[in-house]
Amino acid sequence: MKILTCPAQLQHLEGILRKSLPLALPVFGAVLNINRGNPGDFEVLVDKWPEFGAVLARPSGEVASGDTGDSGRGVTRCPGTCQVCSEHPWTCGSLGHWGALGLDLGMLGPLESIAAGLGGPWGHWGALGPAPGVRLGSLSSSHVDLLNDTWPYGGNARSRLYLAEILGRFPQVCLQDGGGQPVAWVLTDHFGTGTHSYTLPEQRRRGHMQVALTVAAQRAQARGFPTFG
């Protein structure tokens with residue numbers, strides 16, 4: 001397969017995949033990240049160019065056959081367009097597990113209208129402002145153990161390494177209490193997907209996740225990422 005390195009080709013690929021949404025979501029988010037500084041150090045391959053029939057997103061330098069390390073492979077088909085492949089260490093190939101900031105954001109409903117309609121002093125949250133004593137903050141490397149303990153796929157060294165990586169490379173949203181401790185957060189990954197969204201049990205039923213997801217959707221849209229539930 002051919003690795004695309006030309007910025008013009010990558011931008012053209014992004015445009016083609018955008019027209020194939022939502023079926024192209026498994027690889028589209030990775031292409032968006034590559035075209036926006038490539039924080040995950042990924043590469044994208046096609047079987048041929050420009051009339052490609054398959055697209056693969058993977059960590060740079062990874063061998064396509066043989067041992068793929070921590071990566072699993074998911075495949076979906078775009079009728080009349082292409083076969084879209086992607087690699088991700090924590091999800092299966094079902095389209096229901098994918099989205100450009102997608103799966104976890106589904107609980108918000110039509111995100112485009114929500115994100116566009118909010119306004120106010122709290123970073124455009126408007127009526128969905130944080131609860132009293134809660135403010136927008138950020139996660140740091142000191143929170144990796146907390147993330148690993150609360151992630152359904154966590155609790156081991158492999159998951160901790162993965163969470164530390166995406167925390168250091170990709171956008172995240174965190175709500176903190178008055179003492180600066182996280183109460184709710186949303187992490188994103190190499191594919192622009194909402195990967196780990198969580199609210200501490202004692203902080204639930206207060207609207208924290210709705211606020212965090214709305215802010216995440218707004219920020220994603222500002223970077224050119226679509227939002228799907």
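This is a predicted model, so every value here is computed, not measured.

### With respect to the pattern of salt bridges
Piece 1. Within the structure shown, the criterion is met by 5 salt bridges.
Piece 2. With its nearest N and O atoms 3.1 Å apart, the salt bridge here joins Glu14 to Arg36. Here the residue Glu14 occupies a position in helix 1 (residues 7–18), and Arg36 occupies one in the loop between helix 2 (25–34) and strand 2 (42–46), the gap between them amounting to 22 residues.
Piece 3. Given the relative accessible area of 29%, Arg36 is considered partly exposed.
Piece 4. In this structure, Glu165 engages Arg169 in a salt bridge whose closest nitrogen and oxygen atoms are separated by 3.9 Å. Separated by 4 residues within a single helix, Glu165 and Arg169 lie in helix 5 (residues 157–169), roughly one turn from each other.
Piece 5. Salt bridges sharing common partners tie together Glu14, Arg18 and Arg36.

### Section: the packing of aromatic side chains
Piece 1. Counted according to the given criterion, the structure contains 5 aromatic pairs.
Piece 2. Note on Phe42 and Phe191: the rings are 5.5 Å apart at their centroids and 85 degrees apart in plane angle, and the pair reads as edge-to-face. Placement of Phe42 in strand 2 and of Phe191 in the loop between strand 8 (182–188) and strand 9 (194–199) is noted, with a sequence separation of 149 residues between them. Of the two residues, Phe42 and Phe191, neither departs from the other in class, the shared state being buried.
Piece 3. Through pairs of rings, three or more aromatic residues link up here, namely Trp151, Tyr153 and Tyr162.

### Considering the environment of Pro226
Piece 1. If you trace the backbone, Pro226 turns up in the segment after helix 6 (208–222).
Piece 2. Spatially, the C-alpha atom of Pro226 lies 9.8 Å from that of Phe28, the residues being 198 residues apart in sequence.

### A word on the packing of helix 1 against helix 2
Piece 1. One can describe the packing of helix 1 onto helix 2 by two numbers: an axis separation of 10 Å at closest approach and a directional angle of 150 degrees. The orientation of helix 1 with respect to helix 2, classified from their angle, is roughly antiparallel. In this structure, the crossing between helix 1 and helix 2 has a hand that is left-handed. Only Val27, Phe28, Val31, Leu32 and Ile34 of helix 2 make contact with helix 1, whose side of the interface consists of Leu10, Leu13, Glu14, Leu17 and Arg18.
Piece 2. Considering only residue class, the contact of helix 1 with helix 2 consists of 8 nonpolar, no polar and 2 charged.

### With respect to unusual backbone geometry
Piece 1. Cis geometry marks the peptide bond from Leu21 to Pro22, where omega comes out at 5 degrees.
Piece 2. Residue placement: Pro22 occurs in the loop between helix 1 and helix 2.
Piece 3. Of note, the bond from Trp49 into Pro50 is cis; its omega dihedral lies within 30 degrees of zero at 5 degrees.
Piece 4. If you check the backbone angles, Asn38 has positive phi at about 50 degrees while not being a glycine.
Piece 5. Within the secondary structure layout, Asn38 lies in the loop between helix 2 and strand 2.
Piece 6. The backbone of Arg205 sits at a positive phi, close to 65 degrees, despite the residue not being glycine.

### Some words on the UniProt feature "domain: Glycine N-acyltransferase N-terminal" (unreviewed entry) in the protein
Piece 1. When the UniProt feature table is mapped onto this chain, "domain: Glycine N-acyltransferase N-terminal" (unreviewed entry) is found at residues 1–67 and 133–171.
Piece 2. Taken end to end, residues 133–171 is 51% helix and 8% strand, and its first and last C-alpha atoms sit 24 Å apart.

### Considering the side chain of His143
Piece 1. Locating His143 in the fold gives a position in the loop between strand 6 (135–137) and helix 4 (144–150).
Piece 2. Beyond its immediate stretch of four places on either side in the chain, His143 contacts Ser138 and Pro182.

Cut-offs applied
Residues numbered from 1 in each chain as written. Predicted model: local features only at pLDDT ≥ 70, side-chain atom pairs only at ≥ 80, totals over all residues. Heavy atoms only, no water. Salt bridge = Lys/Arg side-chain N within 4 Å of Asp/Glu carboxyl O. Helix = DSSP H or I, 4+ residues; strand = E, 2+ residues; numbered from the N terminus. Buried < 20%, exposed > 50% of the residue type's maximum accessible area, 1.4 Å probe, protein only. Phe/Tyr/Trp six-rings, centres within 6.5 Å; stacked < 30°, edge-to-face > 60°. Axes fitted to C-alpha atoms, helices over the stretch in contact; angles between N-to-C directions. Parallel < 35°, antiparallel > 145°, perpendicular 65-115°, else oblique. Left-handed = near helix turned anticlockwise from the far one by under 90°. Contact = heavy atoms within 4.5 Å. Nonpolar A, V, L, I, M, F, W, Y, C, P; charged D, E, K, R; others polar. UniProt positions renumbered as here; feature names shortened; annotations may be inferred.

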